[in-house]
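Secondary and tertiary structure notes
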Protein chains: 2
Amino acid sequence: MSKETKAYAASSKEADLEPFEINRRKPTAEDVEIEILYCGVCHSDLHQVRNDWKNSKYPVVPGHEIIGKVVSVGENVENFKANDLVGVGCMVDSCQTCSACEDDLEQYCENGAVMTYNGPDKHLDGHTFGGYSEKIVVDQNFVLHIPPNLDPKAAAPLLCAGITTWSPLSHWNVKKGDKVGVIGLGGLGHMGIKFAHAMGAHTVMITTSPNKSEDAKKLGADEVLISKDEQQMKEHAGSFDFLLNTIPVGHDMNPYVSLLKRDATMVLVGAVEPLESLHGGGIIMGRKRIAGSMIGGIKETQEMLDFCGENDVVSEIEMINIQNINEAYDRLVKSDVKYRFVIDMQSLKDS
Amino acid sequence: MSKETKAYAASSKEADLEPFEINRRKPTAEDVEIEILYCGVCHSDLHQVRNDWKNSKYPVVPGHEIIGKVVSVGENVENFKANDLVGVGCMVDSCQTCSACEDDLEQYCENGAVMTYNGPDKHLDGHTFGGYSEKIVVDQNFVLHIPPNLDPKAAAPLLCAGITTWSPLSHWNVKKGDKVGVIGLGGLGHMGIKFAHAMGAHTVMITTSPNKSEDAKKLGADEVLISKDEQQMKEHAGSFDFLLNTIPVGHDMNPYVSLLKRDATMVLVGAVEPLESLHGGGIIMGRKRIAGSMIGGIKETQEMLDFCGENDVVSEIEMINIQNINEAYDRLVKSDVKYRFVIDMQSLKDS
């Protein structure tokens, strides 16, 4: 059973996003039915719309930074009730039984987490549809509480950009006094700076662009390190306890590895691409580590949201109407946004 | 003050090793004077002789897998006495005050550990000379006890090949029941198998060469995985708790990364070279880790030797006389040794 819902979708790799009617399932006993208020625009949305990862299924309804209000809940739902302010991130389901799910790391589900869009839909035929839509119906285990003191619009990007940067900072135990570098200042990087700063780390923005210095400091960076400046890089060599690498494309990791202390780790969260040649000596000398990290589990996403509530952390956003989504994508490609577009989903009513 | 000592050295990048007279310092109050009985032949010896790493200083007297007998000790030496069976590995000194030295990881000394050969000699002018020599004089902090039950000839390679593989297995807490892969079967790899097996791990030899299977099993491997066999690689995907990568040259890490479990680590100990392109997605999906590790500290080297004594672990060796060293180098280049050459240093008397 399903009902028609308004959405915005791309019908092919070349197509602009445009109004679309999609089917949403009728809530089951385990489901939360959510009216979507705001939806952040993630770079992955663009990758999926344009089939960059060769796994897109059309029509693509993107959007996995969803903030909404609970409309109704199934009879087995205990933690949510009508009118609750809730969030939905990158996943809407997982097997709940594998070792990853048992460790509260559903994003690494061995049977494949169901992504919020473009994932196999277990309830209806076809694939899942994301948050560029008036409503979504989600299993209660994949719904998050949004702290009431946060601006809900600015909380939307926490569901992907937030958890993607929070998870490695938290998992690798970044703490007060650590020297932490955040590489790259975009949607992910700006959250990395905010979190590292809020965790009490001495936070260094590492960027190729000197013109990002002022902004980085406003976001909470204690220092800015221009990675193209060899002298500056030399001065910081071997001094970082942790590096969060948010660069979204293939790049040369060697200069960053040289910044790590002995036994320290650089975690990649952005570059789902082939990287340039790493020199083995760079990690052998100093027992250094390179790791990857993908979004975060539901439990830690709630922890992150609670931390944001306690520390008044939200994203820097620019609001748009859904009718401007194609223009926003063009600007995203040029990194022309500080630092995340969020769609006011009320605008969908005008489509 | 110094005295002349017989040795074998290369006088230039192109030269064969030949008999050479070197100076050894007279022992200080902190020193142990050692008559060298056996010296293992490490691939680094060849790299240094041929100036592959562009830092060789001639004449090069190689050798950092030294087993010997104590001749005399300085007045402040407490842990060693004449006739003790001792070992000297890759280092003969370090600052003893930096954070690495304080953590018993002298190999990562922030002021630079003094390597056994080709390092800056603090006592005499010039550079240090290694174990292809009748005697060596070493600071007591860099001398190891060799368990009396071990065959001293076969213990020589423990000082480099042994500790290089022991250290990461120990540091990353390899334990009974873990599934551990050792990649590459040479001087390092054969020790990796022996240690992983002795630690109780389910030990898998990972090699390109099916003809190494029988040997690998004799050394302690429970299974052999042929890395060129895509079907086999697929069957083992995502199943390893730890990978010890002993490949000595640049290579494609991606197939090995796919073998790691979520959160598992592959440690490189051999490839001090540029590696082929790593795909970021391979580590991002599954929060996987790649790290490096270089030899080991003096404290853990003694722990490794004690473990070897308790578990009867030594290297597989082929004895040579010093007069055959150039031929041994030629065979080393062709990986034609099972698995380590050890020089009987008595043969030096005939030079």
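Residues numbered from 1 in each chain as written. Chains lettered and ligands numbered in written order. Predicted model: local features only at pLDDT ≥ 70, side-chain atom pairs only at ≥ 80, totals over all residues. Heavy atoms only, no water.

With an unreviewed UniProt entry as reference, chain A is termed NAD(P)-dependent alcohol dehydrogenase, source organism Euzebyella saccharophila.

1. Some details on the overall build of chain A
Using the following cut-off: Only DSSP runs of H or I reaching four residues or more are called helices, and only runs of E reaching two or more are called strands; each is numbered from the N terminus. We take the radius of gyration over the C-alpha atoms and set the globule estimate at 2.2 Å times the residue count to the 0.38 power. Residue burial is assigned from relative accessible area. The probe radius is 1.4 Å, only protein chains are included, and a residue is buried under 20% of its type maximum, exposed over 50%, and partly exposed in between. Contacts between residues were defined by any pair of non-hydrogen atoms, one from each residue, lying within 4.5 Å. Per-residue and other accessible areas follow the Shrake-Rupley method at a 1.4 Å probe size, with only the shown protein chains counted as cover for residues. In this tally, Lys and Arg are treated as positive and Asp and Glu as negative; His is ignored, and so are the chain termini. Where a charge sits is defined by one atom per residue type, namely NZ (Lys), CZ (Arg), CG (Asp) or CD (Glu).
Each helix and strand counted, chain A has 11 helices and 17 strands in total. For 351 residues, the compact-globule estimate of 2.2 N^0.38 gives 20 Å, and chain A sits close to it at 20 Å. Its C-alpha atoms give chain A principal-axis dimensions of about 60 × 40 × 35 Å. Burial status across chain A gives 59% buried among its 351 residues. Considering only contacts within chain A whose residues lie at least 6 apart along the sequence, 67% involve residues at least 24 apart. Of the accessible surface of chain A, which amounts to about 13800 Å², a share of 46% is contributed by carbon and sulfur atoms. Distance between charge centroids for chain A: 4 Å, based on 34 positive and 51 negative side chains.

2. Here's the deal with the side chain of Glu106 of chain A
Residues and elements named next belong to chain A. Stated formally: What counts as a salt bridge is simple: a side-chain nitrogen of Lys or Arg found within 4 Å of a carboxyl oxygen of Asp or Glu.
Positionally, Glu106 belongs in the loop between helix 2 (99-102) and strand 7 (114-115). Buried Glu106, no salt bridge; nearest opposite-charge side chain is Lys299, N-O distance 9.6 Å. Glu106 has contacts with Met91, Ser94, Gln96, Ala100, Cys101, Ala113, Phe142, Gly297 and Ile298, leaving out every residue within four places of it along the chain.

3. A closer look at the sheet that holds strand 14 (residues 260-268) of chain A
The line we're drawing: Pairing between strands is defined by DSSP: at least two bridges between the two strands are required. All axes here are fitted lines through C-alpha atoms, helices being fitted over the stretch that makes contact, and every angle between N-to-C directions spans 0 to 180 degrees.
Taken together, 12 strands build an open sheet; the order of strands is 12(A)-11(A)-10(A)-13(A)-14(A)-15(A)-15(B)-14(B)-13(B)-10(B)-11(B)-12(B) and the sheet is mixed. Each having just a single partner strand, strand 12 (223-226) of chain A together with strand 12 (223-226) of chain B make up the two edges of the open sheet. Here the strands of the sheet are splayed against their neighbours by 20 degrees on average, with no regard to which way each runs. In terms of strand pairing, strand 11 (residues 202-207) of chain A meets strand 12 of chain A through 4 bridges, oriented parallel.

4. Regarding the packing of aromatic side chains
Here a ring pair, both rings aromatic, is described through the centre-centre distance and the interplanar angle of the planes. Rules: Each pair of aromatic rings taken from Phe, Tyr and Trp, with Trp reduced to its six-membered ring, is defined by centres within 6.5 Å and is described as stacked if the planes are under 30 degrees apart, edge-to-face if over 60, and tilted in the remaining cases.
Enumeration over the complete set of coordinates arrives at 8 aromatic pairs over all chains. Centroid distance Trp172 of chain A to Phe242 of chain A: 6.2 Å. Interplanar angle 35 degrees. Geometry classified as tilted. Pair noted here: Trp172 of chain A is in the loop between helix 4 (161-171) and strand 10 (179-183) and Phe242 of chain A is in strand 13 (residues 240-245), with a separation of 70 residues, a long-range link. In terms of burial, Trp172 of chain A and Phe242 of chain A fall into one category: buried. Here the aromatic rings of Trp166 of chain B and Phe195 of chain B are separated by 5.5 Å at their centres, their planes lie at 70 degrees, and the arrangement is edge-to-face.

5. Notes on the relation of the copies chain A and chain B
Between the two copies of the chain lies a relationship made up of a rotation around an axis and a movement along it. The condition that has to hold: A least-squares fit on C-alpha atoms brings the copies together, and the residues used are those whose pLDDT is at least 70 in both copies.
Mapping chain A onto chain B leaves a residual RMSD of 0.0 Å; the transformation is a rotation of 180 degrees accompanied by 0.0 Å of translation along its axis. In short, the pair behaves as if placed about a two-fold rotation axis. Looking at chain A, 100% of its interface residues are interface residues in chain B too, so the copies touch through the same face.

6. Let's talk about the interface of chain A and chain B
Often, the extent of an interface is quoted as the loss of accessible area upon association of its parts. Put simply, the rule reads: Buried area is a sum: the accessible area each of two parts loses on coming together, probed at 1.4 Å, counted once for each and added. Throughout this description, a polar contact denotes any pair of N or O atoms lying within 3.5 Å of each other; where both atoms belong to protein, one of them has to be capable of donating a hydrogen while the other can accept it, and for residues adjacent in sequence the pair is counted only when both atoms sit in side chains. Under the convention adopted here, Pro, Cys and the residues Ala, Val, Leu, Ile, Met, Phe, Trp and Tyr are nonpolar, Asp, Glu, Lys and Arg are charged, and Gly plus all remaining residues are polar.
Contacts between the two partners involve 36 residues from chain A and, on the opposite side, 36 residues from chain B. Carbon and sulfur atoms make up 62% of the area that chain A and chain B hide from each other, which totals about 3000 Å². Its largest share of buried area at the contact with chain B, chain A owes to Arg262, Ile284 and Arg287 of chain A, together 26% of the area lost on that side. Along the contact surface separating chain A from chain B lie 2 salt bridges. Across the salt bridge formed by Arg262 of chain A and Asp103 of chain B, the nearest N and O atoms sit 2.9 Å from each other. Across the contact surface, chain A and chain B share 17 residue pairs in polar contact (both at pLDDT 80 or more). Only helix 2, helix 4, strand 14, helix 9 (280-284) and strand 15 (289-292) of chain A provide two or more residues apiece to the side of chain A that touches chain B. In the side of chain A that touches chain B, the residues fall into 18 nonpolar, 11 polar and 7 charged. Looking at chain direction, strand 15 of chain A and strand 15 (residues 289-292) of chain B are connected through 3 bridges and run antiparallel.

7. What about the pairing of strand 4 (residues 66-73) of chain B?
All names here are of chain B. Bridge count for strand 3 (residues 31-41) against strand 4 is 7 bridges, and the pairing is antiparallel. Paired with Ile36 across the strands is Gly68, a residue of strand 4. Relative to strand 5 (residues 85-88), strand 4 is paired through 4 bridges, and the arrangement is antiparallel. From the neighbouring strand, Lys69 faces strand 5, where its bridge partner is Leu85.

8. Overview of the UniProt feature "domain: Enoyl reductase (ER)" (unreviewed entry) in chain A
Formally: UniProt positions are given in the numbering used here, feature names are shortened, and annotations may be inferred rather than shown by experiment.
What UniProt calls "domain: Enoyl reductase (ER)" (unreviewed entry) maps, in this numbering, to residues 10-343 of chain A. As annotated, residues 10-343 of chain A comprises 25% helix and 26% strand, and the C-alpha atoms at either end are separated by 16 Å.

9. Here we look at the environment of Ser351 of chain A
Residues and elements named next belong to chain A. Summarising the element assignment, Ser351 is placed in the segment after strand 17 (340-344). When the C-alpha positions of Ser351 and Gln323 are compared, they lie 7.6 Å apart, and in sequence the two are 28 residues distant. Sequence-distant contacts of Ser351, defined by excluding residues within four places in its chain, comprise Lys6, Tyr8, Pro19, Ile322 and Gln323.

10. Considering helix 10 (residues 298-311) of chain A
Because each turn of an α-helix spans 3.6 residues, side chains separated by three or four positions end up pointing in the same direction. Residue and element names in this part refer to chain A. Here is the rule we go by: By this rule the span expected of a helix is its residue count minus one, scaled by 1.5 Å.
Taking 1.5 Å per residue as the helical rise, helix 10 with its 14 residues ought to reach 20 Å, and the 20 Å between its terminal C-alpha atoms agrees with that figure. Within the sequence span of helix 10, burial applies to Ile298, Glu300, Thr301, Gln302, Met304, Leu305, Phe307, Cys308 and Gly309. The inward-facing, buried residues of helix 10 abut strand 6 (91-93), strand 9 (144-145), helix 4 and helix 5 (187-198).

11. Quick word on empty space enclosed by the protein
Residues and elements named next belong to chain A. Under the convention used in this document: Cavities and pockets are found on a 1 Å grid laid over the protein atoms alone: a cavity is a set of points where a 1.4 Å probe fits but cannot escape, a pocket is an open set with protein on both sides within 12 Å along at least five of seven lines, and a lining residue has an atom within 4 Å of such a point. Grid points are joined across faces, edges and corners, and a volume is the space filled by probe spheres set on the points.
Here the structure, examined in full by the defined rule, presents 3 cavities of 30 Å³ or more. Considering only enclosed or pocket space, the largest cavity measures out at about 180 Å³ in volume. Arg25, Val92, Asp121, Thr128 and Val137 are, among the 17 residues lining the largest cavity, the residues nearest its centre. Secondary structure elements with two or more residues in the lining of the largest cavity: strand 2 (17-25), strand 6 and strand 8 (135-139).

12. Looking at helix 5 of chain A
All names here are of chain A. Given a rise of 1.5 Å per residue, 12 residues ought to cover 16 Å, and the 17 Å separating the end C-alpha atoms of helix 5 matches this to within 8%. Most of helix 5 sits out of view: 10 of its 12 residues are buried. Those residues of helix 5 that sit buried are Gly187, Leu188, Gly189, His190, Met191, Gly192, Ile193, Lys194, Phe195 and Ala196. Count one or two residues on from helix 5 and you reach Gly200, which has phi positive near 90 degrees.

13. Digging into the domain arrangement of chain A
Residue and element names in this part refer to chain A. Quick note on the threshold: Boundaries between domains were set according to an automatic or database domain assignment.
The domain boundaries assigned to chain A delineate domain 1 (2-160 + 316-350) and domain 2 (162-292). Look at where the C-alpha atoms of domain 1 and domain 2 centre, and you get two points 29 Å apart. Domain 1 puts 8 residues into the contact, and the matching count from domain 2 is 12 residues. Between domain 1 and domain 2 lies a buried interface of about 940 Å² when both sides are counted; carbon and sulfur atoms form 51% of it. Our count for the domain 1 to domain 2 interface comes out at 2 salt bridges. A salt bridge links Glu316 to Lys194; the shortest N-O distance between them is 2.5 Å. A breakdown of the residues in the side of domain 1 that touches domain 2 according to their chemical character gives 5 nonpolar, no polar and 3 charged.

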